[in-house]
Every structure is written in C-alpha cells, then in structure tokens.
Amino acid sequence: MDRVEDEVLVRRVASGDERALSGLYDRYAGLVYGTGMRYLGDRGTAEELVQDVFTSVWKNAAGFDPARASFATWVYRITRNRATDLIRRRKARVRTVDGEPLFEPGETDPSGALSQNFDVAAALSRLTPVHREVLVLAYFHGLSQREISDRTATPLGTVKSRTTAALRALRETMRFDEDRWSADE
Amino acid sequence: MSEHPDTRNLLGPYVMGNLEPYEEREVEVHLQGCVSCRQEAQELRLAHERLADLAYSTEAPPEDLEARVMARIPRREAGRRLPIWVAAAAAAFCVLAVLGVFVTPDLFGAGAAATLSPTGRAPDAGGQVSIRGTGENMEMRLEAWGLPACKSEQYYELWLVEGDERVSAGSFTVGQSGRVDVRLNVPRFAGSYPKVGVTAEYDKDPRASDAKMLSGELHEL
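Asker: Please explain the overall build of chain B as it appears in this structure.
Answerer: Along its length, chain B carries six helices and 10 strands. Counting all 221 residues of chain B, 41% fall into the buried class. For chain B, restricting intrachain contacts to residue pairs at least 6 apart in sequence, the fraction spanning at least 24 positions comes to 69%.

Here it is as structure tokens:
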C-alpha cells in the first residue's frame, strides 16, 4: 500500500476492499487512538473511538467526495464528531491528561492542532519509503541519527543527509496540499 | 562556499537538535553568513515542529484492535478479494501462454480505457483495454495485435498495476495471427488501478515474470 494515495484507497473501500481499509487503518489508527487517549482519557473509550471511526469510513466511503476535501480532512471530521458523541454520551466534563479542558460537545477543534495532525499524517504517508522510514524512526521510535544508522545499516552521514531531504520533502508535500485544497475552496 | 553543500545536508538533524556539539557550532557559524541556508532551516523547522506534534499525538493502539475493527464492519457481497477472482479466471482459461498489460485510472460504473504501447520484446505489438459495466462486476475487454504466437506451456497475462503492486486480471493465449480479443469479468474496484500491463508467462513457473509485452495507462471514459 506504500504511496497509494488515501483517496484511491477510500474508493477501493467503497467497493468492498477490506485490504484498502487496512491500509488506511495503518496510516491513521495511531492518530485516532492517540486522539482518543488524549481527549477521552481512557483506553476503553479510545478503542471505541477507533472502532467507530473506521466502521464509519467503511460504511460511508461511497459518499466521500475527493473534490471537496482530502481524506485526511474527512477522517478528521469523523474523529472529531465521534469523539464529541462519546463525550456527550458520558455526560461528563472531560479533561486531557494535562488537565486542560477538552473540546466540549458541539465545540470544534479550537486551535486546529488536531486537524493539522491529520494533514501531516497524510503528507507523511506520501513520502518515499526511504524518507518515511528515517522520519518514523526518529520521531515515532525516538532514535538518534546514530541509532538509525545502526538500525538500517546506513552510513551516519547518509542518515543525516537523508533526514534533511525527508524533512524537505515533507515540507514540500504539506505546502502542495495546502495550495491544492485552498485553491479548491 | 565549498562547505555549503555539506552544511546544508546537516540542516535536518540540526533543527531536530540531533547533531554533535561541534557540528552544531559549524552549522550555526555557516548560518550567520548564508541567507539561503537560514531560509532552508526555517522551512525544515516548520516540518520538524509539525511532525513532532503528530508524534506527540499518536499512540500505538492495541495489536488486536485492527482485527476487532475488521470483525465489526458489515460484510458486502462485493467485498471478495482479488485472489479468488484471479484464481477463478485463470482456471477458466486453462491456458498455455499469457500477456501482461498495465491499466491506471480510478473509475466506478462509468468505465475506463487504455491504449497499450509495445515494449522492446514485441515492438510491432499494440492494443486497447476497456472496462465497462454498472454492476458489482464489470467487463474488461482486451484487444491486442502483433504479439508473438505462444509456444508450448507459454501464455500471456493481463495485469492491473499500481506502483510495485500488480494483480492479475486473467490470462490468454495467442496463435499465429498474433491477435487476441478477450473479455474478462473484473470487480468494480479493478478500475481504481492506474495502469494495465501484459506479460509473457510460462505455465510451469508459478512466479509472475518480468517479460513485459504491452503497457498503458487507464483513463476514465
């Protein structure tokens, strides 16, 4: 599923391709689950959020219109709405692990940080495998440049230049997405 | 300026705070006198901050959660996976020889088509592929010409292709005329592949060959 665009995968989901749903799960489940842990506060409800979101993607994929928004934006909205539903159901004021108030029922993602995270996840998924690997090892596994060099059997100097190239590619992909969707609005 | 390229390659780990102290000093000295590298560092820092935010907000879900999600989704009749279809198509043909083609669009219902271009293996070959239909299954028609006649235990195979991934759409043989006109049943989502291709295959080798004969990009009709 490497480098197959989200929008292609969601069309396959609409036709009943479970493998395509698995591909989207690989790209976004960690963020949806992390969002649940952060905003809903417990593992059980976070797992429920993940199940609700991907079930919704499966059921509603045929209605997804790539001309109106990216898949990242679409799945972000589903996540936000389902999280709001779960909060409303609990009828309790929910706080983040840091004690900061969460978005309340009916309230949007006020800072836009959550929406932005989905956009970055989409951009990351479109990098080449080599670029994505070096960034995932650094940011999601917390490895130093030397540790990445050892893990991937790649010269340290190459890891450093590859990390620079990967960040540059990510920035360019994010800019392309921003221009693409703002031009369509 | 001779140090410029080397320093530029360090800007990524620099904005991440992952350089050795001596390297960090070298970069900072360079940045004081290089406007373009300062701008580059600013751009990379933005990507770094966005990625750090994403990593902070991401948490690995329990390993069995994906299986639970998949178990919960309602099944659709059209949700059969391609290998089942591929196996059925291959069995129906009982072929000796196959071609390979690559199709490329994302279409459902309306249909798609591709013009096939030859490779060096069959420079006079050509062909067309079309996918039509409105139901859960569609008809994929392949018309090709100029292909070498199949020898014993040889056949051609038609592929749906996307990046390094390819899925068989069926197989066929070609006689002395070098022409073929076959119709295959394919699922609706076959049209989501961007390319089609035809390869030459051998009956006794279960692996897909790299002997590309024709290829083309699918376009929505």
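There is more to say, and it comes next.
Asker: Can you help me understand the overall build of chain A in this one?
Answerer: Per the secondary structure count, chain A includes eight helices and zero strands. Residues counted as buried form 42% of the 185 residues belonging to chain A.

Asker: Where do I start with the environment of A:S22 in this structure?
Answerer: Residue and element names in this part refer to chain A. When you line up the elements, S22 lands in helix α2 (residues 18-40). We classify S22 as partly exposed; it has 17 C-beta atoms within 10 Å. Sequence spacing of S22 and F54 is 32 residues, and the spatial spacing of their C-alpha atoms is 9.4 Å.

Asker: Help me understand the nonpolar core, please; the structure alone is not making it clear to me.
Answerer: A general tendency of soluble globular proteins is for nonpolar side chains to be buried together. Of all hydrophobic cores here, the largest spans 63 residues; its most connected members are A:V13, A:L24, A:V50, A:V57, A:V75, A:A121 and A:L170. Ranked by residue count, the leading element in this core is α2(A), at 12 residues. Contacts of A:L170, omitting those with residues within four sequence positions, involve A:A123, A:L124, A:L127, A:L135, B:A47 and B:L51.

Asker: Help me understand the interface of chain A and chain B, please; the structure alone is not making it clear to me.
Answerer: Interface size is commonly expressed as the accessible surface area that is lost when the partners come together. Facing 47 residues of chain A, the contacting portion of chain B comprises 43 residues. Put simply, the parts of the chain that give the side of chain A that touches chain B at least two residues each are α1 (6-14), α2, α3 (43-60), α5 (113-125), α6 (129-140) and α8 (156-184) of chain A. If one sorts the elements of the side of chain A that touches chain B by residue count, α2(A) sits on top with 12 residues. Looking at the side of chain A that touches chain B residue by residue, the class counts come to 20 nonpolar, 15 polar and 12 charged.

Asker: Sorry if this is basic, but what is going on with the packing of α6(A) against helix α4 (residues 35-57) of chain B here?
Answerer: How two helices pack is summed up by the angle between their axes together with the distance between the axes. At a minimum axis distance of 10 Å, the contact between α6(A) and α4(B) shows a crossing angle of 60°. The angle between the axes of α6(A) and α4(B) places the two elements in the oblique class. Crossing hand, α6(A) versus α4(B): right-handed. Each of A:L135, A:Y139 and A:F140 in α6(A) lies in contact with α4(B), whose residues at this interface are B:L51, B:A52 and B:A55.

What counts and how
Residues numbered from 1 in each chain as written. Chains lettered and ligands numbered in written order. Predicted model: local features only at pLDDT ≥ 70, side-chain atom pairs only at ≥ 80, totals over all residues. Helix = DSSP H or I, 4+ residues; strand = E, 2+ residues; numbered from the N terminus. Buried ≥ 20, exposed ≤ 12 C-beta atoms within 10 Å, placed from the backbone. Contact = placed C-beta atoms within 7 Å. Core = buried A, V, L, I, M, F, W, Y, C linked by C-beta atoms within 7 Å. Nonpolar A, V, L, I, M, F, W, Y, C, P; charged D, E, K, R; others polar. Axes fitted to C-alpha atoms, helices over the stretch in contact; angles between N-to-C directions. Parallel < 35°, antiparallel > 145°, perpendicular 65-115°, else oblique. Left-handed = near helix turned anticlockwise from the far one by under 90°.

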